[in-house]
Amino acid sequence: MAIRYWPMAAAAVGFRLVLVLFGGDLHLASRPEVSTPLTSLRRLAEGYWLKQASVSPYSGSMYHGSPLLLSVLGPLTNSRADGHHAHIYCSLIFVAVDFLAAMLIRATGHKLQMARSRSLKLLDLTKAVNDTVNVSAGDVASLIYLWNPWAIVTCVGSCTSPIENLMVVIMIYGACSRLAPLAAFGYVMATHLSLYPAILVVPVILLLGYGPDAPPPKVFLIKDNDKTTRQRVVQQFSWKPVLHFIFWLFIWSCHVLLLSSVILKKVGGLHEMFEKTYGFILTVKDLSPNIGVLWYFFAEVFDFFRNFFLIVFNMNIIFMVLPLAVRLKHRPCFLAFVYTAIVAILKSYPSAGDSALYLGLLGLFVNELAEMQFTFFLFFGYIGVSLLSPVMHNLWIWRGTGNANFYFATGLAYTCLQTVLLVESVSSMIKHDRKLRLLVTS
Amino acid sequence: MAAHSRGHPAMRERGFSPAGRPILFVSLHFLFLFTAAAASAAAPEEEKFTEELLLRPLPDRKALAHFHFRSSAPPAASVGRHHHLFPKAISQLVKKYHISELELSFTQGRWNYEQWGGFEPMSTNNAKPPGVELWAVFDLPLSEIDATWKNLTHTLSGLFCASINFLESSTAFSSPRWGFKLNEGNLRYGALPREAVCTENLTPWLKLLPCRDKSGIAALLYRPSIYKGYYHSQKLKLRSSQSLGIILDQTLTVVLQPNSVSGEQLHSNHGQLQPNWSMRHLFNRKLSGKCLVSKSSRVFIEVDKGIVDKVNKSGSDLSWSNEFFVLSNSPDKLIKGQNHLIQSSSLYVYDASNYSDEKPLDVGITWKLPLIWTCTPSPFHASRFLMGSGNERGSIALSFMSTNLHKQISGNPTDCSIKAVIFQVVPWYVKVYYHSLEIFIDGSRKTVSEVVDKIHVIPSEDKLLPGTLEMLLRFPCSMQSGTLTLDFDKGFLHIDEYPPDANQGFDIPSALVSFPEFSSARSYPEIDPVLESPLLENFQENSVVKSYTEVLLVPLTTPDFSMPYNVITFTCTVLALYFGSLLNALRRRIGEEERELKKTATRRGLIPQLLAKLRGQKVDPTESGSSSESSGSKKLLFKVVFVAVAAVLFHYFSNNS
């Protein structure tokens, strides 16, 4: 399948630029699907204004992002070009950030492709598998990320999600190409910006230790037994890059904390920063609607049980980390995709930008997941939800003819859809591994 | 009656004792003579009570009545704990909470700044925002003030039968630094715009007066007539210091429509008739004497600057009976007031002690000629409104319309400016973006630094703090209209935080706009220093011109209040679905899968099998070829029947018991 990659990528970037420069104010920034209290650029502008007035940017409940973003993007929110909407410069930065993320996804895809063909060669399965499907996964994933309507809306809609996504992609790319400092940088920044990528430490360490995705080691062992050669082709866990990673993790964390404390020097401390960013994420204080389900849950649940459910929902993310890591340890990149999808489902303030990230990463496994079920249902499910959600929101908030349940129902449907996608992709990946094993044994 | 005279030897000379009991009076007089003498020797000052009433015709055919009662107690050390006139509840309150100043007002209706005046002591001191407004300055270390404020709200709530205790929550009060009143951080301000004001608030207020409403000027407070008015503001103001003691000012300001007979409305002008009225028309009562313990008891009739100017222009003097109007009784005194050395209003004074039950005072005004006048407005007419639709976001706009007052006062200088201070408290669920402040002057957009001299913002904290905005603006004198806009997002609340009638919306308290360069103080150069009228003292106080804006009603979206269980179960189901199915996908074993695959290849499915059984057809044993399958379905059927029977039995027994 020949995809003319560069024209398509250029068209996607051009489309974004057209929307940014000539789209006028699309009011995307106030869509609950696009910007959350954590990522809203408007709140960042308010935080910057407060900081300029030598008040802590975290005083009041407006800003909950990183102080680094405040000093990078803050000055840009202040300047306003005539004839354009308020955050034009930031939007231009986000276009560049999106393009960079797409390039890194493409590079990651190429690395995965190389690793895949190498391991298939080792298993003598190149012919058997290549006959069915063989697409350049990197190109597909990168184009999915560039042309995903949600990614476009997120990029144009003045929120900081593109930067968070870029950091996650940097981390995965760095780990895939065994660049420990880069991986550590991405990890530290992603965790600093939105906390949840912290669980990606497992796939990153696996990637650095074992290298990119490969069929399960058992398959190689069977192959070895068949050949009766004692030579081990399965890669050993190498500690060196991992230790390297931990060292750089420490260095980058110190850097970030130091910079944050310098920025917040006169107007508040790191303690306040942690309380207002991580604390805000974990305790779900803002009950404004988003595409998730937790906002309505915590708006309705009895106060007495609030703490209990907070623990349950936060633990829910952590509970699946270990089982998934055990089962998919030979495919760390896929594991990273699964974790980002879980985070996008269960995080306290989900947005379309999170979905854009994991859908882009999903494209990396286009060869392995070719036999996935329910793709038709999922595809139209996603379209249906993204059309219904604004309609229901409009009925509830603007017209007053619907009520909150309408919008909540789309949130429920969306969570179900994501769950189905996640479970199907995991089980079809497991099936794919079994298929490889069957091919080897037969 | 004699008991009243205990602390007031001065009253005896006036001979107010009832004629029937002179002996008792004289004996008590001698009995208390020594104690009174001892008390007056120890404390040169004594507790005082004065009562005053000011009546004023308003340009829009209404009448203003302003009751002013002052009780004062000398510094605590000199009298100990006992009070003769001063309400004990208040002095205990002041001592317990170390209050140096406090003002509590209950208001219904809105002061009409255009018609009733915006540049005079009445509007700056006694025009209050609708609902309850409370502020207090404490004489305490800063760390103790919040806790003391909370206790104070509860005490006041009990004293005045109002829900002032809602001001206890930290989301309801704020501590302005200079926008409301200059202080060192020991001032707390809170407002409840939706509090309804009723007679149940008036009764405890009257209980603080020594004569209650049984005699004296307070006896005029006939409830049906004063609650019928357009504006009703009942206020309590406390000042306390070591040197002054405690001064308690209780005022009641009402704007009434005189219910005069239509035949009495003599003059019409542009369809407007100025009604003739007297006390009986306004209050349904006449004034029969003073409250006996009061030091002075006066009634004032004030005529506005507008009338005074017209009378002066016509050449006649400003006597009580001139060619424009005539007062029903001849006053004891005429006082001319000045504002910025310009003659402003005139006051006709009546001493209530000259009247009694037999000869009640029923002072009123009768118009001889049609008269149209206007009150002096404040430099800018401030109003506030909401912009935007929908329940997601909106904007607050404050608009200033020039009244061209500076031209009247200072000629027409070209480059002068007028300062205005804005103080506004916004509840946390209205999330204001202060960086979105935009200022338009005469329609053109100005940068913030051009107009704003000083700004102090305390941003709102969710469920913790209201937002406070204090701003010092400098408008050019030539400005005809100015607008400030601030964007906000509407918050989403937990279902328990909504009030019972959630769809009515939420009130944002009034903003206060003051003009520090303009003082509403009056001076009375001809005033007799012996007169000692607290009401006129208040009028002479140097106070800046203030006006309160409208209360805003913000509708917020509501969740479905009937849904908590559904939402909890739905959400938990979805999460269980996620967790269960993902774990199941991970748990599957390849061997099992393959066996399952083999089975499904040969299996016909449970439901067709059951259907076939129900139809009485035999399952083809050769086709399925597995007796275990059919025995499995039999087992299943047995289980289903067993569970159903158990359920029926359980239901039966539980109903029986």
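Residues numbered from 1 in each chain as written. Chains lettered and ligands numbered in written order. Predicted model: local features only at pLDDT ≥ 70, side-chain atom pairs only at ≥ 80, totals over all residues. Heavy atoms only, no water.

Looking at an unreviewed UniProt entry, one finds chain B named GPI transamidase component PIG-T, with Sorghum bicolor as its source organism.

As recorded in an unreviewed UniProt entry, chain A goes by GPI transamidase subunit PIG-U and comes from Sorghum bicolor. UniProt, in its Pathway (unreviewed entry) section for chain A, records the words "Glycolipid biosynthesis; glycosylphosphatidylinositol-anchor biosynthesis." Turning to chain A, the UniProt record has this under Sequence similarities (unreviewed entry): "Belongs to the PIGU family." (UniProt positions renumbered as here; feature names shortened; annotations may be inferred.)

Novice: Summarise the overall build of chain B; cite the residues concerned and give the values.
Specialist: What chain B contains, in helices and strands, is 19 helices and 28 strands. Counting every position in chain B, which comprises 657 residues, the buried fraction comes to 50%. Counted over contacts in chain B with a minimum sequence separation of 6, partners at least 24 positions apart contribute 75%. About 30,100 Å² of surface is accessible on chain B, with carbon and sulfur atoms providing 56% of the total. (Helix = DSSP H or I, 4+ residues; strand = E, 2+ residues; numbered from the N terminus. Buried < 20%, exposed > 50% of the residue type's maximum accessible area, 1.4 Å probe, protein only. Contact = heavy atoms within 4.5 Å. Areas by Shrake-Rupley, 256 points an atom, 1.4 Å probe, with all protein chains shown as cover.)

Novice: Got a sec to walk through the packing of aromatic side chains? Specific residues and values, please.
Specialist: Inspection of the entire model under this criterion finds 63 aromatic pairs over all chains. Seen from their ring centres, Phe-297 of chain A and Phe-309 of chain A are 4.8 Å apart, and the 75 degrees between their planes marks the pair as edge-to-face. Of this pair, Phe-297 of chain A sits in helix 14 (residues 294-300) while Phe-309 of chain A sits in helix 15 (residues 306-319); the two residues are twelve residues apart in sequence, bridging distant segments of the chain. Of the residues examined, Phe-309 of chain A reaches a relative accessible area of 12% and is grouped as buried. Between Trp-111 of chain B and Tyr-231 of chain B, the ring centres sit 5.4 Å apart and the planes meet at 80 degrees, which makes this aromatic pair edge-to-face. Here Trp-111 of chain B is found in the loop between strand 3 (99-108) and helix 5 (113-116), whereas its partner Tyr-231 of chain B is found in strand 7 (residues 231-241), with 120 residues between them in sequence. (Phe/Tyr/Trp six-rings, centres within 6.5 Å; stacked < 30°, edge-to-face > 60°.)

Novice: Describe the environment of Phe-506 of chain B, naming the residues involved and giving the relevant values.
Specialist: Residues and elements named next belong to chain B. With respect to the secondary-structure elements, Phe-506 resides in strand 25 (residues 506-508). On the accessibility criterion, Phe-506 (7% relative accessible area) is buried. Sequence separation of Phe-506 and Val-554 is 48 residues, and the distance between their C-alpha atoms is 5.1 Å. Not counting residues up to four positions away in its chain, the partners in contact with Phe-506 are Arg-194, Tyr-429, Leu-493, Tyr-498, Pro-499, Leu-552, Leu-553, Val-554 and Leu-556.

Novice: Please give an account of the pattern of salt bridges that cites residues and values.
Specialist: Residue and element names in this part refer to chain B. The tally for this structure, following the rule as stated, stands at 39 salt bridges over all chains. Between Asp-213 and Arg-223 there is a salt bridge whose closest N-O contact spans 3.2 Å. Highlighted residues: Asp-213 in the loop between helix 8 (199-207) and helix 9 (223-226) and Arg-223 in helix 9, separated in sequence by ten residues. The salt bridge partner of Glu-497 is Lys-463, with a shortest N-O separation of 3.5 Å. Of this pair, Glu-497 sits in the loop between strand 24 (481-490) and strand 25 while Lys-463 is found in the loop between strand 22 (452-458) and strand 23 (467-476), placing the two residues 34 residues apart along the sequence. A network of salt bridges, in which partner residues are shared, links Arg-56, Glu-120, Glu-302, Asp-304 and Arg-522. (Salt bridge = Lys/Arg side-chain N within 4 Å of Asp/Glu carboxyl O.)

Novice: I'd like a rundown of the UniProt feature "transmembrane region" (unreviewed entry) in chain B, residues and numbers included.
Specialist: Residue and element names in this part refer to chain B. What UniProt calls "transmembrane region" (unreviewed entry) maps, in this numbering, to residues 565-586 and 636-654. Within the segment residues 565-586, helix and strand shares are 100% and 0% respectively, and the terminal C-alpha atoms sit 31 Å apart. Within residues 636-654, the helical portion is 100% and the strand portion 0%, while the C-alpha atoms at the span's ends are 27 Å from each other.

Novice: How would you summarise the state of the cysteines if you had to cite specific residues and measurements?
Specialist: Residue and element names in this part refer to chain B. Overall, the coordinates contain two disulfides over all chains when judged by the stated rule. A sulfur-sulfur distance of 1.7 Å marks the disulfide that ties Cys-211 to Cys-291. As the torsion about the S-S bond is roughly 65 degrees, the Cys-211-Cys-291 disulfide counts as right-handed. You can see Cys-211 sitting in the loop between helix 8 and helix 9 and its partner Cys-291 sitting in the loop between helix 10 (279-283) and strand 12 (296-303), a full 80 residues away along the chain. (Disulfide = S-S within 2.5 Å.)

Novice: Account for the domain arrangement of chain B, with residues named and values stated.
Specialist: Residues and elements named next belong to chain B. What the domain assignment lists for chain B is domain 1 (53-130 + 193-257 + 271-367) and domain 2 (380-494 + 502-519). Taken residue by residue, the interface counts nine residues in domain 1 and twelve residues in domain 2. Among the residues of domain 1 in contact with domain 2, Phe-119, Pro-193 and Arg-194 are the three that bury the most area, contributing 64% of the side total. Where domain 1 packs against domain 2, one counts one salt bridge. Notably, a salt bridge pairs Arg-194 with Asp-507, separated by 2.7 Å at the nearest N-O pair. Class assignment of the residues belonging to the side of domain 1 that touches domain 2 gives a composition of five nonpolar, two polar and two charged. (Domains from an automatic or database assignment. Buried area = accessible area lost by both parts, 1.4 Å probe. Nonpolar A, V, L, I, M, F, W, Y, C, P; charged D, E, K, R; others polar.)

Novice: Now, about the UniProt feature "transmembrane region" (unreviewed entry) in chain A: what can you tell me, with residues and values included?
Specialist: Residue and element names in this part refer to chain A. With numbering matched to this structure, UniProt assigns "transmembrane region" (unreviewed entry) to residues 86-107, 195-211, 245-265, 277-298, 304-326, 333-349, 377-398 and 404-427. The span residues 304-326 is 87% helical and 0% strand by assignment, and the distance between its end C-alpha atoms comes to 36 Å. The span residues 404-427 shows a helical share of 100% and a strand share of 0%, and its end C-alpha atoms are spaced 35 Å apart.

Novice: Would you mind going over a nonpolar patch on the surface in detail, with residue names and values included?
Specialist: All names here are of chain B. Residues Leu-637, Val-641, Val-645, Leu-649, Tyr-652 and Phe-653 make up a contiguous nonpolar surface patch of roughly 580 Å² in combined accessible area. Mapped onto the fold, Val-641 is located in helix 19 (residues 627-656). Residue classification places Val-641 among the partly exposed positions, given a relative accessible area of 47%. (Patch = residues over 30% accessible without salt bridge, like charges linked within 9 Å, V, L, I, M, F, W, Y side chains within 5 Å.)

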